[in-house]
Amino acid sequence: MMKKLLLLFISAVLVGPVSLEAQDIGKETRVDSVLASVNGEPITLLDVLIESGREEMRLTSMFTGARLYSEIAKLRKQVIDEIIVRKLVYSSYKEKPFPIEEQYIEDLMDSLAISMGGGSRSGLLKKAKELGTTMTELREKVKEKLAVDILLSEYCDRPIYITPKEVYEHYTAHQKDWTKPAKYELQLLLVANDGGRSGVDAETTCRKLAEQLAGADGARFTQIVRDNSDAANSESGGAVGFVDQDKLRPEFASVLKDVKPGAIAGPVKTPEGAYFIRVASIVPEEHIAFEKASEEIRRKLDAKAKKEMRAKYADNLKSRALIRYYF
């Protein structure tokens, strides 16, 4: 049984984010396949897909092949763990239920329609039928999620209060986080080690180019790059955009630290060849004042504290529950 369920889960992962179609999933990967259980209550593939669908679509824009399957598997495992905690919290709600405004349920159903139904309720209804479920069951799952979010907010979020002292201490302890490094807008001309298209002898080529570049302005530098550079971006005049000062390769950083905008440095020797570097412009280092940074710091500390509180609360719930994974 365990082996069969493991195969079901792996097959579901390999189908990928576009596999919400019942006919695509096939007999071996039914959406009611049980992936885990908590206190005897099953968690199915459908439960997971309802919540992972939108993020899975985002993953398809970032990864492909084995990496995509791996990321989807990781996402679905995370969602399963979240569902386990939610079901444990929902038990508290069922013991002492409270009314949930219908509008909140409708808003979340609209989100499901976007992620699963192509943006419409009719599409969601069609998808529900294909997955072997109903709108009523989907609505109940939505209500469960809302009830749990409310209880987690009450149990874990409300007690959190980040003091002004904590905010300031974090600011002073992480000064580097609130300093934007200087940025250099660069153009590069590369002379390959073998001299490239400008000649077989790199040193001779560099001497000739140094003479041509002496006092050259931006337009002149751009043309010389187009005529002589061995880099792939020679047609664009060697422009590479802005590079943070602390991300410059060491060979460049050492020669650019005192260079003024418009100046040309080089030749700078590197393993692949020699570079002439034009600094088109420089955006100076910027230190963000505490007054501007304080609200962002408070939000980050608040989010971190809530995450830690929720994790502690979840661990406490899980320690008293019977949880089984079937993959």
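A. The sheet that holds strand β7 (residues 273-283), seen in detail. In space, the four strands of this open sheet follow the order β5-β4-β7-β6, with antiparallel pairing throughout. Taken across any chain shown, the strands that pair with only one partner, and hence form the sheet edges, are β5 (239-244) and β6 (264-270). Neighbour to neighbour, the strand axes of the sheet diverge by 35° on average, direction disregarded. With respect to the sheet, helix α9 (residues 202-213) is in contact with β4 (183-192), β6 and β7, its orientation differing from that of β4 by roughly 135°. Running at roughly 35° to β4, helix α10 (residues 218-228) makes contact with β4, β6 and β7 of the sheet.

B. View of the pattern of salt bridges. This structure, assessed with the given rule, holds 25 salt bridges. Salt-bridge contacts for K77 lead to D81; the nearest nitrogen and oxygen are separated by 2.8 Å. In this pair, K77 and D81 are both assigned in helix α4 (residues 65-95), four residues apart and thus about one turn of the helix distant. Measuring nitrogen to oxygen at the nearest pair gives 2.6 Å for the salt bridge that ties E106 to R139. Residue E106 is located in helix α5 (residues 102-116), and its partner R139 is located in helix α7 (residues 135-157); the two are separated by 33 residues in the primary sequence.

C. Quick look at the packing of aromatic side chains. Applying the stated criterion across every chain yields a total of eight aromatic pairs. Ring centres 5.7 Å apart and planes at 85° place the aromatic pair Y325 and F327 in the edge-to-face group. Owing to a relative accessible area of 27%, F327 belongs among the partly exposed residues under this scheme. Lying across the ring of F252, R249 places its NZ or CZ 5.3 Å from the centre.

D. Geometry of the nonpolar core. Grouped together as the largest cluster of nonpolar side chains are 45 residues, with contacts concentrated most on I43, V48, V89, M109, L112, L124 and L138. Those elements giving two or more residues to this core turn out to be β1 (34-38), α3 (45-60), α4, α5, α6 (121-130), α7 and α12 (290-319). At 12 residues, α4 tops the list of elements feeding residues into this core. With near-sequence residues (within four places) excluded, L124 lies in contact with M109, L112, A113, M116, G117, M135 and L138.

The rules behind these values
- Residues numbered from 1 in each chain as written.
- Predicted model: local features only at pLDDT ≥ 70, side-chain atom pairs only at ≥ 80, totals over all residues.
- Heavy atoms only, no water.
- Pairing = 2+ DSSP bridges.
- Helix = DSSP H or I, 4+ residues; strand = E, 2+ residues; numbered from the N terminus.
- Axes fitted to C-alpha atoms, helices over the stretch in contact; angles between N-to-C directions.
- Contact = heavy atoms within 4.5 Å.
- Salt bridge = Lys/Arg side-chain N within 4 Å of Asp/Glu carboxyl O.
- Phe/Tyr/Trp six-rings, centres within 6.5 Å; stacked < 30°, edge-to-face > 60°.
- Buried < 20%, exposed > 50% of the residue type's maximum accessible area, 1.4 Å probe, protein only.
- Lys NZ or Arg CZ within 6 Å of the ring centre and 35° of its normal.
- Core = buried A, V, L, I, M, F, W, Y, C linked by side-chain atoms within 4.5 Å.

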